[in-house]
Amino acid sequence: MHAEDETGAERPIDPLDRLRHDLRTPLTTIGGRAYLLARAVRRAPSLSEDERTRLLASVATIEAAVAEMVVVIDGIGGSPPPEAHKRHSRGVILNQSRLPPGAVTHRANEFLPVAIHRVAGSIAMGTIHPSQARLLRPD
Amino acid sequence: MHDRQRTPRKRVFAVNSSPDFLLIVREVLADEGYAVTTSDFAPNVFTRIVMRHPDALMIDVAPEESVGWDLLRGLHLELQMSDIPVLVTSTSPTLLENARDEATRYGTHRSFLTKPPDLDELVRTIREMVGDA
């Protein structure tokens, strides 16, 4: 079978895609819940403006952390993201432009232990080779 | 209130293996006035889609999971369903590129969104797909 005859499901994919999928899936839940929480905060009539601002800023830091973690995940494997990654990651990265000044923090560090645990699990299962796990190596 | 209260609500059918993602999609799109049906990759999901005949579909493609691809192919082959706009979602930019290539090869128009998505963008895309933009 020629490559151009292969369906999307049949084409070989980067083995690290499984890991990226496992990491991006809970981030999708976190980001989605943050979105719903922000919506509820904006609509809550009982909140003062000060409370609303503080809560929305907190949600914004969650969104920023998700966006930063996506960048970290796309860097797994050590290679720069291809054009496809840049194009498809755009929606998430653009989230940062909606954040209030100063809201973008370094919260990605808080997710790193989880990511490292996942990477270690994938190595133990043989899904990826240790040399592919940039997260486990110091810069 | 919106005119959508007086007109039949547009129907969106979302297929994904993540119950959390489906719940979020349901809450976000229902708030926009859409009637949302969700399903995991159950064996009868294609039949359910055909029976529901939604105005827009969201189908996820995931690593090592063939159901999403089977659905996309089945929708292309089913004449009555081939005109339904489809938003393909995935955590994998690589798989989305594969889906884009496949859509180009089939000559079908699809929209694409990486997870985690910008949910405002998701809403805008669905609006465009069903002609509400």
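Shown above is the structure to which this text applies.
Quick look at the structure, then. (Residues numbered from 1 in each chain as written. Chains lettered and ligands numbered in written order. Predicted model: local features only at pLDDT ≥ 70, side-chain atom pairs only at ≥ 80, totals over all residues.)

1. With respect to the sheet that holds strand E2 (residues 35–39) of chain B
All names here are of chain B.
Here comes step 1: Pairing is parallel in the open sheet, where five strands are placed in the order E2-E1-E3-E4-E5. Since the sheet does not close on itself, it has two edges, and those belong to E2 and strand E5 (110–114), each with one partner. Taken pair by pair, the neighbouring strands of this sheet meet at an average axis angle of 20°, ignoring direction.
Here comes step 2: Pairing analysis gives five bridges linking strand E4 (residues 86–90) to E5, with the strands arranged parallel. Paired with Val88 across the bridge in E5 is Phe112.
Here comes step 3: Those strands touched by helix H3 (residues 67–77) are strand E1 (11–15), strand E3 (56–60) and E4, and its axis lies near 145° from that of E3.
Here comes step 4: Running over the sheet, helix H5 (residues 119–130) touches E1, E3, E4 and E5 and is turned about 170° from E5. (Pairing = 2+ DSSP bridges. Helix = DSSP H or I, 4+ residues; strand = E, 2+ residues; numbered from the N terminus. Axes fitted to C-alpha atoms, helices over the stretch in contact; angles between N-to-C directions. Contact = placed C-beta atoms within 7 Å.)

2. Notes on the pairing of E4 of chain B
All names here are of chain B.
Here comes step 1: Counting buried residues along E4, five of its five residues qualify, which places the element largely inside the surrounding structure.
Here comes step 2: By the alternation rule, side chains of E4 split into Val86, Val88 and Ser90 and Leu87 and Thr89, which are all buried.
Here comes step 3: Where E3 meets E4, four bridges bridge the pair, whose relative direction is parallel. The residue of E4 that forms the bridge with Met58 is Leu87.
Here comes step 4: Running through H3, the crossover from E3 to the neighbouring parallel element E4 is right-handed.
Here comes step 5: In this fold, the crossover linking E4 to E5 by way of helix H4 (residues 93–106) has right-handed handedness. (Buried ≥ 20, exposed ≤ 12 C-beta atoms within 10 Å, placed from the backbone. Right-handed = clockwise from strand over helix to strand, strands pointing away.)

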